[in-house]
Structure formats: structure tokens, C-alpha cells
Amino acid sequence: MRMMIPSCVMDGAQAPFGTSRMRWTVQVVLVLLTCPVSCIADSTTEEDPWPLQHSALGSDVLLRCAVPAEAAGVEWRVNGTSVATALDVLMATEDGLVLPNASLAQEGDYSCHHPASGEALRRIRLRLGLPPGKPAIECWAISYPQTVNCTWSLPADVHLDTEFIATYRHGVWAKGGETECVQPAAGASSCSINDVQLFSITPYVLNITAVNPVGTATSLFHFIVEHIIRPDPPEDLQVSAIPSESKKLLLEWKPPGSWPLPKYFPLKYLIRYTRQGTGSPRTIGPYEQTSFILTGLRPGAIYHVQVAAKDLSDYGEYSAWSPQASGTPWKRR
Ligand SMILES: *[C@@H]1O[C@H](CO)[C@@H](O)[C@H](O)[C@H]1NC(C)=O
Ligand SMILES: *[C@@H]1O[C@H](CO)[C@@H](O)[C@H](O)[C@H]1NC(C)=O
Ligand SMILES: *[C@@H]1O[C@H](CO)[C@@H](O)[C@H](O)[C@H]1NC(C)=O
Ligand SMILES: *[C@@H]1O[C@H](CO)[C@@H](O)[C@H](O)[C@H]1NC(C)=O
């Protein structure tokens, strides 16, 4: 700044004032008044980002640039190259450049120039994409009764950053009762509801609204908490031989770690097992305990086992099957 002050002041402040002290005072005031605008403007022009224009893929995109009064037209450049050579399909109009049925290959940095001086009249960074389709929503109470976890996805890639507004209301008629469904990070496609009211016959309504620069789409998901209970699969499944028992196997497992209160909201379990080399598995249960002894097995054979869990009161659905664990009954040596 110090270096710039003299040149800035010299332009306008060489007035015929009496004393040098007075001139100095006037100059300081002028520096304060004029410098923020006139001295700094030059240095920032180069760093201005190109203004963004977002348009829909497949639409007729207009890049605006008015033809100067004295000129017959303007010159368009894309990515620094004159447009006539860079694009085969385009129409120059009075309002600007039209890209009919715009495609992804036409994204780029467009600039419109004065035909005689080459001066840039307008710069546009064009980004193309699609409006979002309706999000497909799934919600499950994997941590009943504490949390409802919801996830969603868009039906197709939209090529543009898309944000999601996630809110819910309890009851279709609740007025002004929109509560945020908390996303773990901005732009995430999941959220969770932590304050759920149990055994309510009024449905919850989750509203996921996808927003990007070319459009928005909303999906609603109605649910009753007890209908969407689905635990995660049981964990730590162990299959062990029982000493002296050549036709039995001991199975032990733990409730899923995400199920917060197994003492108060117990689970029941299905067991599915297959003898290696045979076709279809056998499914038995449900059982309320977290261990079981398989009997009547073939001595020396390998058995593959999985378990699944469901809320004991029979609300909701069974979990997915746990990862498989295997074992062979005890063998005499
Ligand atoms: C627009 O372009 C796409 C391919 O980019 C093409 O499939 C479609 O037929 C075109 N539509 C029109 C109306 O020209
Ligand atoms: C401009 O450059 C970008 C990035 O290299 C490229 O993706 C785009 O297709 C170019 N646009 C045109 C119209 O050539
Ligand atoms: C479900 O929501 C809880 C609470 O926000 C979170 O800690 C947990 O990671 C979520 N689970 C899944 C599978 O997204
Ligand atoms: C869904 O949420 C969006 C964004 O907050 C809002 O504009 C819209 O009115 C909501 N729709 C319904 C049916 O609640």
C-alpha cells in the first residue's frame, strides 16, 4: 500500500494550496477517500472467478451477451479457442450464443469478445446436469426403541452437486411441526430420528427434498415405528464341538451391538444350517436364547450355520442372516 499511495494521490490532488503542511493534510484525506476504490480495483480484476451458469442437459442453453451498439456481432470463445472451430452445433443470436440440446461435452469456460478490440465483454463457466428425480427412501429402526435410521438414493446420476433437506413430522395433520432429521454431514444421503414416540398409531412422515441448481424433487415416506423394526444381524456366532458328542454341535452368538436394550426389548432368533455337500439349508426356530445345540448331525461332516434376529414381540422384520460360521462334531481319536 505504501508504494501505491503517491501515484494514487498525484493524479487528482496537486491543488494550489498555501502551505505544505495544509497540502499534506488534504492529501492524506484524499488517500483515505479514494484509495480503497481506485488503487485496489486493478489488482483484483485478474482474480475474479468466472461466474457460473448451471443449465439442464438436453435443453437449449442460452449464454447471454449483448452485441455492443456499434458492432455487428461478437466473437465467442470456449476454453480460450474461437467457438466456430470448437463446436459444430451452435447458433449466435442477438441475445447470445445458443447451444441446442446441450450435452456434457459442451461444458466449459465461455467468453464473449468485442469483434474489433477483442475485449472480453462477458465470461461464463457453463456446468450442465439434470434435475434430481424423486429420492427412493428406506427407514429402519435398527436400534429400537432409540433411533430410526433412514437412507435414500437418487434414481439417476445428475452430474451436479445435490443437497438434501431432510425433515419429518409426526402426524399428517401436525401444523408447523417440521423437525430436522439429522444428517451426519452436509450432502449425506442418510439421517436419523432420535426422539421417537413408541406405540403411536399416528404415522411419522419423512420428507426428503433433493435440491440442485437445475431442479428439486421431494419424496415422502410414511411409517409407524413398530412396523419398521429390523435389527442388525446377530454377532460373534461360534460353532463348537461338544466332547464325546459325535452328532451334536454347540452354537453361541450375541445380540447385534446396535440393539441398545436386549434385556428390556428381547430378541428371538432363527437358525439356518447346511451340511457341506448337500443342497438346501434347514431353518429352525425361533428361539429366545443366544445358544443352541444342534442334534442328529452326521458324524464327521462339516456344517455351515447362520442366525437372524427379530424383535420378540413380532413387530417389524427379521434381520439379514449373520455371516456364516462352520464346525464339525466331535470325533473319536
Ligand atoms: C439430444 O441429444 C441426445 C444425445 O446427446 C440425443 O439422443 C437426442 O435425440 C437429441 N434430441 C434432439 C431433440 O435432438
Ligand atoms: C472445455 O474444457 C473442459 C475441461 O478440459 C472439457 O471438459 C470441455 O469438454 C471443454 N469444452 C469444450 C466445449 O470443448
Ligand atoms: C443410525 O443412527 C445413529 C444415530 O444417529 C448413528 O449413530 C448410527 O451410525 C446410524 N446407523 C446406521 C447404520 O446408519
Ligand atoms: C418437504 O420439504 C420441502 C423442503 O423443506 C418443503 O418445501 C416442502 O413443502 C415439504 N413438503 C411436504 C409435503 O411437506
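Residues numbered from 1 in each chain as written. Chains lettered and ligands numbered in written order. Predicted model: local features only at pLDDT ≥ 70, side-chain atom pairs only at ≥ 80, totals over all residues. Heavy atoms only, no water.

Across its full length, the protein holds four helices and 22 strands. A total of 333 residues make up the protein; the buried ones form 35% of that total. If you sum the accessible surface of the protein, you get close to 19500 Å²; carbon and sulfur atoms cover 53% of it. (Helix = DSSP H or I, 4+ residues; strand = E, 2+ residues; numbered from the N terminus. Buried < 20%, exposed > 50% of the residue type's maximum accessible area, 1.4 Å probe, protein only. Areas by Shrake-Rupley, 256 points an atom, 1.4 Å probe, with all protein chains shown as cover.)

Near ligand 4 the following residues occur: I165, E178, N207, T209 and L220. N207 places a side-chain nitrogen or oxygen 2.3 Å from an oxygen atom of ligand 4. The side chain of T209 places a nitrogen or oxygen atom 3.2 Å from an oxygen atom of ligand 4. Its residues assigned to classes, the shell around ligand 4 shows two nonpolar, two polar and one charged. (Near = heavy atom within 4 Å. Polar contact = N/O pair within 3.5 Å; in protein donor to acceptor, adjacent residues only side chain to side chain. Nonpolar A, V, L, I, M, F, W, Y, C, P; charged D, E, K, R; others polar.)

Each strand in a sheet pairs with another by means of backbone hydrogen bonds, the pair being arranged parallel or else antiparallel. Strands sit in the order β1-β8-β7-β3-β4 across an open sheet of five strands; the sheet is mixed. Strands with a single pairing partner mark the edges of an open sheet, and in this sheet they are β1 (52-56) and β4 (81-82). Where strand β7 (residues 108-113) lies against strand β8 (residues 120-129), six bridges are found, and the strand directions are antiparallel. Residue pairing in the sheet places D109 in a bridge with R125 of β8. (Pairing = 2+ DSSP bridges.)

Here is the key point about a regular strand: its side chains alternate between the two faces of the sheet. What you see with strand β2 (residues 61-64) is a clean split: V61 and L63 sit on the buried side and L62 and R64 on the side with no burial. Across four bridges, the pairing between β2 and strand β6 (residues 96-99) is antiparallel. Across the sheet, L63 pairs through a bridge with L97, a residue of β6.

The next thing to look at is the side chain of S200. Structurally, S200 can be placed in the loop between β13 (190-193) and β14 (204-212). A polar atom in the side chain of S200 sits 3.2 Å from the backbone nitrogen of T202. Those residues within four positions of S200 in sequence are excluded, and the remaining contacts are H170, I224 and E226. (Contact = heavy atoms within 4.5 Å.)

Applying the stated criterion to the full structure yields seven salt bridges. Taking the shortest distance from any N to any O, the salt bridge between D109 and R125 comes out at 2.7 Å. Taken together, the residues span a long stretch of sequence, with D109 in strand β7 and R125 in strand β8 at a distance of 16 residues. Exposure remark for R125: the relative accessible area of 28% places this residue in the partly exposed category. For K268, the salt bridge goes to D314, with nearest N and O atoms at 2.7 Å. Residue K268 is found in strand β18 (residues 267-275), and its partner D314 is found in the loop between β21 (303-311) and β22 (325-327); the two are separated by 46 residues along the sequence. Where salt bridges share partners, they join K268, K310 and D314 into one cluster. (Salt bridge = Lys/Arg side-chain N within 4 Å of Asp/Glu carboxyl O.)

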